[in-house]
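Working through the structure, step by step
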Amino acid sequence: MTHAVPIDLSSERRLTGAFFLIAFIALFVGVVTGLLQGLSHVGLNVYPWLRPLVQSYYHGLSLHGVMNVLVWTTFFICGFVPYVAVRAYNRPLASRPLGWATFGLMLLGLIVAGVPLLQNNATVMFTFYPPMQAHWAFYVGLTLVVVGTWLVTLNLLLTQRNWRRQHRSERTPLPAFMSLITFIMWTIASLGLAAEMLFMLIPWSLGWSSEINPLLARTLFWFTGHPIVYFWLLPAYISWYTLVPRQAGGRLFSDPMARASFLLFLLLSTPVGFHHQYTDPGIAQGWKLVHTFFTFAVFFPSLLTFFNVVASLETGARARGGQGLVAWFFKLPWGDPSLAAQVLAMLMFAFGGIGGLINASHSMNLLVHNSMYIVGHFHLTVGTAVTLSFMGITYWLVPVIVGRGLWSRRLALTQAWLWVVGMTVFSYALHSLGLEGMPRRTWIGMATYIQPEWRSLMPLVSIGGTIMFVSAMLYFLNLLLTWAVSREPAPAPIEFAEAVSGPEAAPVFLDRLRPWLLLSAIFILVAYVPTLIHLLMESSANVSGFRVW
Ligand code: HAS
Ligand code: CU
């Protein structure tokens, strides 16, 4: 077995560190602007004092959304996932120069997009729906970032090929398999966004075409916009499946079931975008219903994950003396901040996932669409399941990168629990406000139509938001001190969990890619082609761009 000989992965570690640095800066900007929005719910209008840094509520909101959900996630993932893969293959990236060039391209893209964003010339939110128009550099920069992610896919594929040459008959190691599937799924899914950018938004923002077709643009956007949430989620799942069980002192319950879950994500993540467009005209109800069914199908691999991960945690807790049907849960090593953060993230995700099903229900969606309920949903999912898991991952991975132990475990534990407390208050308030009819993406602090039933809930948004802000600052403080002054000894890189039911138990077809890719293409064609043809024939580019803020 080659696994016995550790190889030098210091270059990969540095690359991961470089991606993380950018991710942390983005998260910092994202949480600071988030605090401002939270405070606006108690009527605090800080924007006049912040000019020209943040020029309006909507400028802050765009910074918040883009930095958190697009930049923090993407840069973190492009740092974390390839590192997991090379550790699992126990070999370097196929091309280190390509790895660094990818980082350079993505950083360049971020700068190109970031300049107009900071200057209030791209105040179009993270969904950048036309006809709201941003400076062309915003679209070009984001496109470069996406191209960068494709290069990560390429490097992973080449690494897999190199590994395969020497391991003809072995199963791909689970963490590497999951890394590959995550990036392949994303690469397919991002084609919609690439088409929207290249054929619509970029020519239009450059003035080459004067009018745009908003409905077609939205449809291409959501082709990518739903699967992007699984591009954020699956790296957290990789950690929950392959690392957390080990941290819990246990084993992964089932390796084949974990593979099956990821393959289902490959198949089902993309043909679901219309669940963001139930209220859009021009798309037939029948096709919306098809996407509803696919959405309920893609719920299933998360249920598999729920079962498998909880069963794995249970093996750890029982090995530590845990007993009873539920009581074992308290025997998990809760003193380990990395584990605690991630298990807490799972608990919160159960609620985020249930909310997702409510959103997905065709008729129920009418009640919650475009309301604060959706904001509550995505703060539990990307804002907690993903973000708090990523924070938990940094608590072991940053020490590995900088070669010093975490500055304070206790501070890290406080941070994770504070996030949960803040988010519980915050998301409860947002869900309730949404059900009471409060719209999203609205400067509520300035609204003249505040309803009486909103009044008691609005301070909770500010309180929850402030608690999360404090939590985030503790996170940054701990990372900064770990990097600068920690005297704790460098930790050994943590190991992947072994499986109770291992990869040999998985049928060989689970390790093939082609049949799954083919099926995935068929599902996407069925779900999208008729509507895209219909939109191309029946609707036209007839709206000029405008600037709102
Ligand atoms: Fe969503 C809108 C439906 C998951 C993010 N979603 C959004 C938006 C974002 C977002 C950002 O159908 C707003 C976009 C915008 O700006 O307009 N979402 C779903 C469904 C799921 C789902 C069905 N969403 C996510 C994830 C996200 C995310 C994941 C980010 C990472 N979402 C929607 C719909 C809309 C939407 C509609 C449009 C709404 C509208 O009208 O605009 C599912 O994938 C969820 C499945 C998940 C579960 C949870 C499984 C639990 C696990 C943890 C288990 C372990 C535990 C440990 C609990 C079913 C795996 C416990 C221990 C024990 C002992 C028990
Ligand atoms: Cu979605």
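Rules of the game
- Residues numbered from 1 in each chain as written.
- Chains lettered and ligands numbered in written order.
- Predicted model: local features only at pLDDT ≥ 70, side-chain atom pairs only at ≥ 80, totals over all residues.
- Heavy atoms only, no water.
- Helix = DSSP H or I, 4+ residues; strand = E, 2+ residues; numbered from the N terminus.
- Rg over C-alpha atoms; globule rule 2.2 N^0.38 Å.
- Lys, Arg positive; Asp, Glu negative; His and termini not counted.
- Charge placed at Lys NZ, Arg CZ, Asp CG, Glu CD.
- Donors = N, O, S within 2.8 Å, 3.2 Å for Na, K, Ca; no water.
- Buried < 20%, exposed > 50% of the residue type's maximum accessible area, 1.4 Å probe, protein only.
- Near = heavy atom within 4 Å.
- Polar contact = N/O pair within 3.5 Å; in protein donor to acceptor, adjacent residues only side chain to side chain.
- Salt bridge = Lys/Arg side-chain N within 4 Å of Asp/Glu carboxyl O.
- Contact = heavy atoms within 4.5 Å.
- Core = buried A, V, L, I, M, F, W, Y, C linked by side-chain atoms within 4.5 Å.
- Axes fitted to C-alpha atoms, helices over the stretch in contact; angles between N-to-C directions.
- Parallel < 35°, antiparallel > 145°, perpendicular 65-115°, else oblique.
- Nonpolar A, V, L, I, M, F, W, Y, C, P; charged D, E, K, R; others polar.
- Expected span 1.5 Å × (residues − 1).
- Left-handed = near helix turned anticlockwise from the far one by under 90°.
- Phe/Tyr/Trp six-rings, centres within 6.5 Å; stacked < 30°, edge-to-face > 60°.

Along the backbone of the protein there are 19 helices and 4 strands. For the protein, whose C-alpha radius of gyration is 23 Å, the value lies close to the compact-globule estimate of 24 Å for 549 residues. C-alpha atoms of the protein, sized along the principal axes, occupy 60 × 50 × 45 Å. Between the mean site of the 29 positive side-chain charges and the mean site of the 17 negative ones, the protein shows a separation of 6 Å.

This paragraph deals with the coordination of the copper ion (ligand 2). The reference angle at a metal is 109.5 degrees if four donors form a tetrahedron and 90 or 180 degrees if six donors form an octahedron. Taken together, H226 (ND1), H275 (NE2) and H276 (NE2) make up the full set of protein donors to the copper ion (ligand 2), lying 1.9 to 2.0 Å away. Within one chain, the residues serving as donors to the copper ion (ligand 2) are arranged as H-x48-H-H. Here the copper ion (ligand 2) and the iron atom of ligand 1 are spaced 4.4 Å apart. Note that H226 is positioned in the loop between α8 (214–225) and α9 (227–242) and H276 in the loop between α11 (255–268) and α12 (285–319), a separation of 50 residues in sequence. Given the relative accessible area of 21%, H276 is considered partly exposed.

Neighbouring ligand 1 are 34 residues, the closest being Y230, N365, H369, H377 and R440. Contact between ligand 1 and Y230: an oxygen atom at 2.6 Å from a side-chain N or O atom of the residue. At the level of elements, α9, α12, α13 (337–360) and α15 (372–402) are the ones that each hand at least two residues to the shell around ligand 1. Take the shell around ligand 1: its biggest share by element is 9 residues, from α13.

Enumeration over the complete set of coordinates arrives at 6 salt bridges. Of the charged contacts, one joins D511 and R164 as a salt bridge, the two residues approaching to 3.2 Å between their closest N and O atoms. Residue D511 is found in the loop between β3 (499–501) and α19 (514–538), and its partner R164 is found in helix α5 (residues 136–166); the two are separated by 347 residues along the sequence. Judged by relative accessible area, which is 14%, D511 ranks as buried. As a salt-bridge pair, E314 and R318 come within 2.7 Å of each other at their nearest N and O atoms. Of the two residues, E314 and R318 both sit in helix α12, 4 residues apart, roughly one turn of that helix. Through salt bridges with shared partners, a single network forms among R164, D255, R259 and D511.

Of the protein atoms, H377 (NE2) alone serves as a donor to the iron atom of ligand 1, at 2.2 Å. Along the chain, H377 falls in helix α15.

For T123, the position within the fold is in the loop between α4 (96–118) and α5. Taking the relative accessible area as the measure of exposure, T123 reaches 7% and is therefore buried. With 64 residues separating them in the primary sequence, T123 and H59 have C-alpha atoms 5.2 Å apart. Every residue in contact with T123, bar those within four places of it in the chain, is listed here: Y58, H59, S62, M132 and W549. For T123, the side chain forms a polar contact with the side chain of N120, separated by 2.5 Å.

Among the nonpolar cores identified, the biggest contains 177 residues, and L70, F80, F128, F138 and W240 are the most heavily contacted of them. Take this core: its biggest share by element is 22 residues, from helix α3 (residues 57–89). Discounting residues that sit within four places of it in the chain, W240 has contacts with P245, V309, Q342, A345, M346, F349, A385 and S389.

Our next topic: the packing of helix α6 (residues 174–189) against α9. Where α6 contacts α9, the two axes come as close as 9 Å, and the packing angle between them is 175 degrees. Considering their axes alone, α6 and α9 lie roughly antiparallel with respect to each other. Of the residues in α9, those touching α6 at L174, P175, M178, S179, T182, F183, M185, W186 and A189 are P227, I228, Y230, F231, L234, P235, I238, Y241 and T242. Its residues assigned to classes, the contact of α6 with α9 comprises 15 nonpolar, 3 polar and no charged.

Along the chain, T149 turns up in helix α5. For T149, a relative accessible area of 1% gives the class buried. Each residue touching T149, except ones within four places of it in the same chain, is listed here: T74, C78, M106, F183 and W186.

A few words on α11. The first and last C-alpha atoms of α11 sit 20 Å apart over 14 residues, in line with the 20 Å expected at 1.5 Å per residue. Of all the 14 residues making up α11, 12 are buried; the element is thus mostly covered by neighbouring parts of the structure. Along α11, the residues that are buried comprise D255, P256, M257, A258, R259, S261, F262, L263, F265, L266, L267 and L268. Contacts from the buried residues of α11 go to α6, α9, β2 (252–254), α12, β3 and α19. At the N-terminal end of α11, a side-chain oxygen is found 3.0 Å from the backbone nitrogen of M257, two or three residues along, and the residue is S254.

With that settled, the discussion passes to the packing of α12 against α19. At a minimum axis separation of 10 Å, α12 and α19 run at an interaxial angle of 155 degrees. Classed by the angle they form, the pair α12 and α19 counts as roughly antiparallel. In this structure, α12 meets α19 at a crossing whose hand is left-handed. For the pair formed by α12 and α19, the contact residues are W287, H291 and F294 on the first element and F523, V526, A527, Y528, P530 and T531 on the second. Here the contact of α12 with α19 is composed, by residue class, of 7 nonpolar, 2 polar and no charged.

The subject of this paragraph is the packing of aromatic side chains. If you walk through the whole model with that rule in mind, you get 47 aromatic pairs. Relative to Y241, the ring of Y237 lies with its centre 6.4 Å away and its plane at 90 degrees, an arrangement referred to as edge-to-face. On the criterion of helical spacing, the pair formed by Y237 and Y241 is a turn pair, its members being 4 residues apart in helix α9. Take Y237 and Y241: they sit in the same class, and that class is buried. Relative to F265, the ring of F262 has its centre 6.4 Å away and its plane inclined at 75 degrees; by these criteria the two rings are edge-to-face. Residue F262 and its partner F265 are located together in helix α11, separated by 3 residues, close to a single helical turn. F265 carries the same exposure label as F262, and that label is buried.

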